[in-house]
Amino acid sequence: MLETGLAGMTWNDRRLREPLQARVLEELSAMDIAPDVAMALAALTPRRTTLDNPSHIPLALLVKHLPVVADLSVLSSGIMVVVGPTGAGKTTTIAKLAARWCLQHGSQDLALVSTDGYRIGARDQLMTYARILGAPMHAANSGADLARVLDRLRSKKLILIDTAGMGPRDVRLTEQLAALKLGAARARVLLALPAQGEAHAPEEIVQAF
């Protein structure tokens, strides 16, 4: 009771002394941002703001201080596989990586591969991107099939492989990862994670994959 009372007094005192900072901290906490990260970001809140809508401050602080990898030179060649749950942005990420490659090197040494044979029309989106970029797109339905496709594409400098979206508890996930290990053992694996949701969700996805 004493600890709770003291915590309440401290929080009320902060609200009086730093109302904007307290509001930002509340909103970051409501987003399920880790407490230490929320505290560090809230401490950067300006004392006053000219923004018409101060509720934009938490997102602005996140955008400014979230570390972003701008140098993608490490992804400039080889075989890349993008895995992750449904809706995490795997196909879109592949399209962006492919577009950046084409701007720098052209499309002649690029190939796209889809292993998503689960969803109806799943390959149509990747086929559309491939057509726009002028790059070939291939489909593989198994680990052995993927190995054959990659063997035919061995002259390509960059091969991007799209996979079926699967949640961390999907019983087919082990099968998919085994197929990738069999067919693309030399590939670098990129895990696409959804940015929304509760804090424990990404950790569960990382552990599963």
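As a reminder, the structure under discussion sits directly above these lines.
Source: prediction; values computed, not measured.

As for the pairing of strand S1 (residues 78–83)
Here comes step 1: Extensive coverage of S1 is indicated by the burial of 5 of its 6 residues.
Here comes step 2: Of the strand pairs in this sheet, S1 and strand S4 (residues 158–162) are connected by 5 bridges, and their pairing is parallel. Looking across to S4, one finds that Ile79 is bridged to Ile159.
Here comes step 3: Pairing geometry for S1 and strand S5 (residues 188–191), over 4 bridges, is parallel. The residue bridging Val82 from the neighbouring strand is Leu190, located in S5.

As for the sheet that holds strand S3 (residues 137–139)
Here comes step 1: Pairing is parallel across the open sheet formed by 5 strands, whose spatial order is S3-S2-S4-S1-S5. Unpaired on one side and paired on the other, S3 and S5 mark the two borders of the sheet. Neighbouring strand axes in the sheet, compared pairwise and without regard to direction, differ in orientation by 25° on average.
Here comes step 2: Alignment of strand S2 (residues 110–114) against S4, held across 5 bridges, turns out to be parallel. Its bridge partner lying in S4, Leu110 is registered against Leu158.
Here comes step 3: Taken strand by strand, helix H5 (residues 90–105) contacts S1, S2, S4 and S5, and its axis lies near 165° from that of S4.
Here comes step 4: Lying over the sheet, helix H6 (residues 124–133) contacts S2, S3 and S4, oriented at roughly 170° with respect to S2.

How each quantity is defined
Residues numbered from 1 in each chain as written. Predicted model: local features only at pLDDT ≥ 70, side-chain atom pairs only at ≥ 80, totals over all residues. Heavy atoms only, no water. Buried < 20%, exposed > 50% of the residue type's maximum accessible area, 1.4 Å probe, protein only. Helix = DSSP H or I, 4+ residues; strand = E, 2+ residues; numbered from the N terminus. Pairing = 2+ DSSP bridges. Axes fitted to C-alpha atoms, helices over the stretch in contact; angles between N-to-C directions. Contact = heavy atoms within 4.5 Å.

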